[in-house]
Amino acid sequence: MVDLYVYYKVRSIDAARLAPLVHAMGRHLAQDAGVQVQLKRRPEDKDGLQTWMEVYPGVTDAFDAVLRRAVVDAGIEALLAGPRRLEIFTDLPPCA
């Protein structure tokens, strides 16, 4: 299992239109793939942009393909100000 972190820029003027689409995508992923998304953003706007992050804790390596399909189906890419960037993190093993 891995944790996926996806971050991207959103024009501040598009944020109100994008939020419902991302929330709907999260609901579909919860229902269809059994994952919970956490939607976050940096507290400040910079140069008319916001930075948003989706966090998907405890997913399988195969979830990346499911997420890519969900993004297309949700139609969110048209409202982004640049690419979605994906980072994968794993847990450190416990100390002996």
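Residues numbered from 1 in each chain as written. Predicted model: local features only at pLDDT ≥ 70, side-chain atom pairs only at ≥ 80, totals over all residues. Heavy atoms only, no water.

Peer 1: Residues and numbers for the pattern of salt bridges, please.
Peer 2: Under the definition given, this model contains six salt bridges. Residues R41 and D45 are paired through a salt bridge, measuring 2.7 Å at the closest nitrogen-oxygen approach. According to the relative accessible area criterion, R41 is partly exposed, its value standing at 40%. Residue R69 is joined to D73 by a salt bridge in which the shortest nitrogen-to-oxygen separation is 3.0 Å. Note that R69 and D73 are positioned in helix α2 (residues 63-74) at a spacing of four residues, about one turn of the helix. Using a relative accessible area of 57% as the deciding quantity, one classes D73 as exposed. Look at the salt bridges and you will find they share partners, linking R11, D14 and R17 into a network. (Salt bridge = Lys/Arg side-chain N within 4 Å of Asp/Glu carboxyl O. Buried < 20%, exposed > 50% of the residue type's maximum accessible area, 1.4 Å probe, protein only. Helix = DSSP H or I, 4+ residues; strand = E, 2+ residues; numbered from the N terminus.)

Peer 1: Outline the sheet that holds strand β4 (residues 85-89), supporting the account with residue identities and numerical values.
Peer 2: In spatial order, the strands read β2-β3-β1-β4; together these four strands make up an open sheet with antiparallel pairing. Every interior strand has two partners, whereas the edge strands, β2 (38-41) and β4, have only one. Put simply, the sheet's adjacent strands are angled 20° from each other on average, direction ignored. Judged from the nine bridges that link them, strand β1 (residues 2-11) and strand β3 (residues 49-59) form a sheet pairing that is antiparallel. Across the sheet, Y5 pairs through a bridge with V55, a residue of β3. The strands touched by helix α1 (residues 15-33) are β1, β2 and β3; relative to β3, the strand with the most contacts, the crossing angle is about 5°. On the sheet, α2 packs against β1, β3 and β4 and is oriented at approximately 140° with respect to β3. (Pairing = 2+ DSSP bridges. Axes fitted to C-alpha atoms, helices over the stretch in contact; angles between N-to-C directions. Contact = heavy atoms within 4.5 Å.)

Nothing here speaks to function; it is geometry throughout.
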